[in-house]
Amino acid sequence: MLKGKKILLGITGSIAAYKSAVLLRLLIKAGAEVKVIMTPSAHQFIAPLTLSTLSKNEVLSELVDNDSWANHVMLGRWADVMLIAPLSCNSLSKMAQGTCDNLLTAVYLSATCPVVVAPAMDEDMWLHNSTKENIKKIVSYGNAIIPVETGELASGLYGPGRMAEPENIVTWLNEFFEEKKQLTGKKILITAGPTHEAIDPVRFIGNHSSGKMGIALAEECIKRGATVTLVAGPVAEAIPAELNLIKVTSAAEMYDACVREFTNTDIAILSAAVADYTITDPSSSKIKKQENELVLSLEKTKDILKELGTQKKSTQFLVGFALETDNETENALKKLTAKNADMIVLNSLKDAGAGFGSATNKITIFDKMGNQTAFDVKSKKLVAADIINYVVKLSHV
Ligand code: CTP
């Protein structure tokens, strides 16, 4: 899996940097091409000569070297992945703040490739609230964390904070690259955003959905090789060009588009916040202000998830969402059976970091086998990866 992969290995000032030589050796043995960037303080922990010999590439550390400028933008574009291992507490803080004071932070800030970090620090630093906040921040920026391990630390203490062992980092990267190909040849239908139900030509009933979750799901599926059709309600978010976009406004339009597309779909993920009611008789001209109250008559919209659940063949896989404020589990389970979905992704608006508009989400997945899995608060990008991992596992695609 790592054969031919271009890996930018960032090394920061941590005692765990001595393990970087073993990590580098394993990556090279697995067939990867590796370029090493060190922060100035990493030099105190491991010699660049060791790393340049193992990588067969010059080790880079300065933004300007012998009056020539190291092209940090091109480095971030060259790599398939930037792996920062070890990531010290100080460099983590810089990543969280967007500080750009050395070549490694400059490359990180301009990297267009995925960035994966393996933190390493002493237990007390790892457990400090500011470290927790910084980790949360860099996760919300879309970076992935290779979990720290528990064991003997440089301080002599025993606890969490050790950098993952080089073998485990290589396994993590292998899995990461495998995911990229999982959905090749699969056709995936995703709904995203709100719907707008017209009251008259200038007014509508809508909701606060931003479409971020659905778009993150679409991006994740594209990354793994799928062909994606996105049926999006009115959203302001940027939509990737590599998908078939069907723009709709109302629940009725979203219903028609989904029913039409579903016959040619392997996996459908309905994350849109579809209006449950629409105006019975929208006015074709602007409604003028009334003397007293104005009464609007509403009628139910068609339930897209329920309809696709009815049409679903055994080769198709259907995912619904449930946004709840009360009796979350009970309501999610009801939706799972009532709509014949294979799984339901629950967001509770009671959870901090979940819901409309935010960059993060917190989900619990319920599947038709009766399993229930709760996930931590993560960036919507990483939540999308969790959802797709689950779909891949359950749908046996
Ligand atoms: N959904 C749909 N069509 C609708 C309404 C909802 O496809 N007309 C889908 C949503 O995209 C989501 C799931 O059904 O995947 C659950 O949506 P939610 O709004 O949480 O539930 P409702 O079924 O609308 O029930 P309630 O509003 O009472 O919670």
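Each residue is numbered by its place in its chain's sequence as written, counting from 1. Totals for whole chains, interfaces and linings use all residues, but because this is a predicted model, local features are given only for residues with pLDDT of at least 70 and pairs of side-chain atoms are given and counted only at 80 or more. The side-chain values count all of the structure's non-hydrogen atoms but skip hydrogen atoms and water molecules.

*Asks:* Would you take a moment to explain a nonpolar patch on the surface for this structure?
*Replies:* Patch membership is restricted to residues that have no salt bridge and whose relative accessible area is over 30%. Joining uses 9 Å for like charges and 5 Å for the nonpolar side chains Val, Leu, Ile, Met, Phe, Trp and Tyr. Per-residue and other accessible areas follow the Shrake-Rupley method at a 1.4 Å probe size, with only the shown protein chains counted as cover for residues. In the sections that follow, a salt bridge refers to a side-chain nitrogen of Lys or Arg positioned within 4 Å of a carboxyl oxygen of Asp or Glu. On the surface, Tyr277, Leu294, Leu296 and Leu298 cluster together to form a nonpolar patch covering roughly 370 Å² of accessible area. A run of H or I in DSSP becomes a helix once it reaches four residues, and a run of E becomes a strand once it reaches two; helices and strands are each numbered from the N terminus. Relative to the helices and strands, Leu298 is located in strand β17 (residues 298-300). Categorising residues by exposure relies on relative accessible area from a 1.4 Å probe, with only protein chains included: less than 20% of the type maximum marks a residue as buried, more than 50% marks it as exposed, and the intermediate range marks it as partly exposed. Look at Leu298 and you get partly exposed, because its relative accessible area is 43%.

*Asks:* Any chance you could explain the packing of helix α1 (residues 20-29) against helix α2 (residues 48-55) here in plain terms?
*Replies:* A pair of packed helices can be characterised by two numbers: the angle between their axes and the separation between those axes. Working convention: axes come from line fits to C-alpha atoms, limited for helices to the stretch in contact. Angles between N-to-C directions cover 0 to 180 degrees. Interhelical geometry of α1 versus α2 gives an angle of 10 degrees and a closest axis separation of 9 Å. It follows that α1 is roughly parallel to α2 by the angle criterion. Touching Ser20, Ala21, Leu24, Arg25 and Ile28 of α1 are Thr50, Leu51, Leu54 and Ser55, all from α2. Under this grouping Gly is polar, as are all residues other than the nonpolar Ala, Val, Leu, Ile, Met, Phe, Trp, Tyr, Cys and Pro and the charged Asp, Glu, Lys and Arg. By residue class, the composition of the contact of α1 with α2 is five nonpolar, three polar and one charged. When describing relative orientation, an angle under 35 degrees is termed roughly parallel and one over 145 degrees roughly antiparallel, while 65 to 115 degrees is termed roughly perpendicular and anything else oblique. Contacts: residue pairs with any heavy atoms within 4.5 Å of one another.

*Asks:* Would you explain the site of the ligand in this entry?
*Replies:* Note on terminology: near, applied to a residue and a molecule or strand, indicates that one of the residue's heavy atoms is within 4 Å of it. With respect to spatial proximity, 16 residues lie near the ligand, and among them Leu270, Ala272, Phe321, Lys335 and Lys339 are the closest. Polar contacts, as used here, are pairs of N or O atoms within 3.5 Å; protein pairs need one atom able to donate a hydrogen and one able to accept it. Residues neighboring in sequence count only if both atoms are side-chain atoms. At a separation of 2.7 Å, an oxygen atom of the ligand approaches a polar backbone atom of Leu270. Within the complex, 77% of the 570 Å² of free accessible area of the ligand lies under protein. Going through the elements one at a time, α11 (304-311) and β18 (317-324) are the ones with two or more residues in the shell around the ligand. With four residues, β18 is the single largest residue contributor to the shell around the ligand. Here the residues of the shell around the ligand sort into nine nonpolar, two polar and five charged.

*Asks:* Sorry, what's going on with α11 here?
*Replies:* In an α-helix there are 3.6 residues to a turn, and that puts residues three or four apart on one side. Within the sequence span of α11, burial applies to Ile304, Leu305, Leu308 and Gly309. The buried residues of α11 occupy one face: seen down the axis, they fall within an arc of 135 degrees. Looking at the buried residues of α11, the elements they touch are β10 (187-192), α10 (251-262), β15 (267-270), β18 and β19 (343-348). Sitting at the amino-terminal end of α11 is Asp303, which places a side-chain oxygen 3.1 Å from the backbone nitrogen of Leu305. The directions considered for the arc run from the helix axis to the C-beta atoms.

*Asks:* What is the right way to look at the sheet that holds strand β6 (residues 115-119) in this model?
*Replies:* Adjacent strands of a sheet form backbone hydrogen bonds with each other and so pair up, either parallel or antiparallel. Strand order across the open sheet formed by five strands is β2-β1-β5-β6-β7, with parallel pairing between neighbours. In the strand order of this sheet, the two ends are held by β2 (33-38) and β7 (144-145), each with one partner. Strands pair, by our definition, only if DSSP identifies at least two bridges between them. Of the strand pairs in this sheet, β6 and β7 are connected by two bridges, and their pairing is parallel. Residue pairing for β7: Val116 is matched across the bridge by Ala144.

*Asks:* Explain the side chain of Glu324 here, please?
*Replies:* One can find Glu324 in strand β18. You can call Glu324 buried: its relative accessible area is 9%. Here Asn331 takes part through its side chain, which lies 3.3 Å from a polar atom of the side chain of Glu324. With residues near it in sequence (within four places) discarded, Glu324 still touches Asn331, Lys335, Leu346, Asn347, Ser348 and Leu349.

*Asks:* What is the right way to look at the sheet that holds strand β13 (residues 227-232) in this model?
*Replies:* The strand order across the open sheet formed by eight strands is β14-β13-β10-β15-β18-β19-β21-β22, and the pairing between neighbours is mixed. Across the chains shown, the open sheet's two edge strands, defined by having one partner strand only, are β14 (244-247) and β22 (372-374). If you compare each strand with its neighbour and ignore which way they point, the axes differ by 15 degrees on average. For β15 and β18, the ladder comprises four bridges, and the chain directions are parallel. Across the sheet, Leu270 pairs through a bridge with Gly320, a residue of β18. Here α10 sits on the sheet and contacts β10, β13, β14 and β15; the angle it forms with β10, its principal contact strand, is near 170 degrees. Across the face of the sheet, helix α13 (residues 380-395) comes into contact with β15, β18, β19, β21 (363-367) and β22 while running at roughly 10 degrees to β21.

*Asks:* I'm lost on the pattern of salt bridges in this one. Help?
*Replies:* Across all of its chains, the model carries 13 salt bridges by this definition. A salt bridge links Lys94 to Asp101, with the nearest nitrogen and oxygen atoms 2.9 Å apart. Assessed through its relative accessible area of 15%, Lys94 is described here as buried. A salt bridge links Lys335 to Glu324; its shortest N-O distance comes to 2.4 Å. Of the two residues, Lys335 sits in helix α12 (residues 328-338) while Glu324 sits in strand β18, which places them 11 residues apart along the sequence. Through salt bridges with shared partners, a single ionic network connects Lys19, Arg162 and Glu165.

*Asks:* Looking at this structure, how should I read the domain arrangement of the protein?
*Replies:* By a widely used convention, the size of an interface equals the accessible area lost when the partners come together. Along its sequence, the protein is carved into domain 1 (6-180) and domain 2 (187-395). How far each domain reaches was decided by an automatic or database domain assignment. Domain 1 and domain 2 are separated by 37 Å when their C-alpha centres are compared. Each partner contributes to the interface: domain 1 provides six residues, whereas domain 2 provides nine residues. Each of two parts loses accessible area, computed with a 1.4 Å probe, when they are put together; buried area is these two losses added. Here domain 1 packs against domain 2, burying approximately 680 Å² in sum over the two surfaces, 62% of which is carbon and sulfur. Considering only residue class, the side of domain 1 that touches domain 2 consists of one nonpolar, three polar and two charged.

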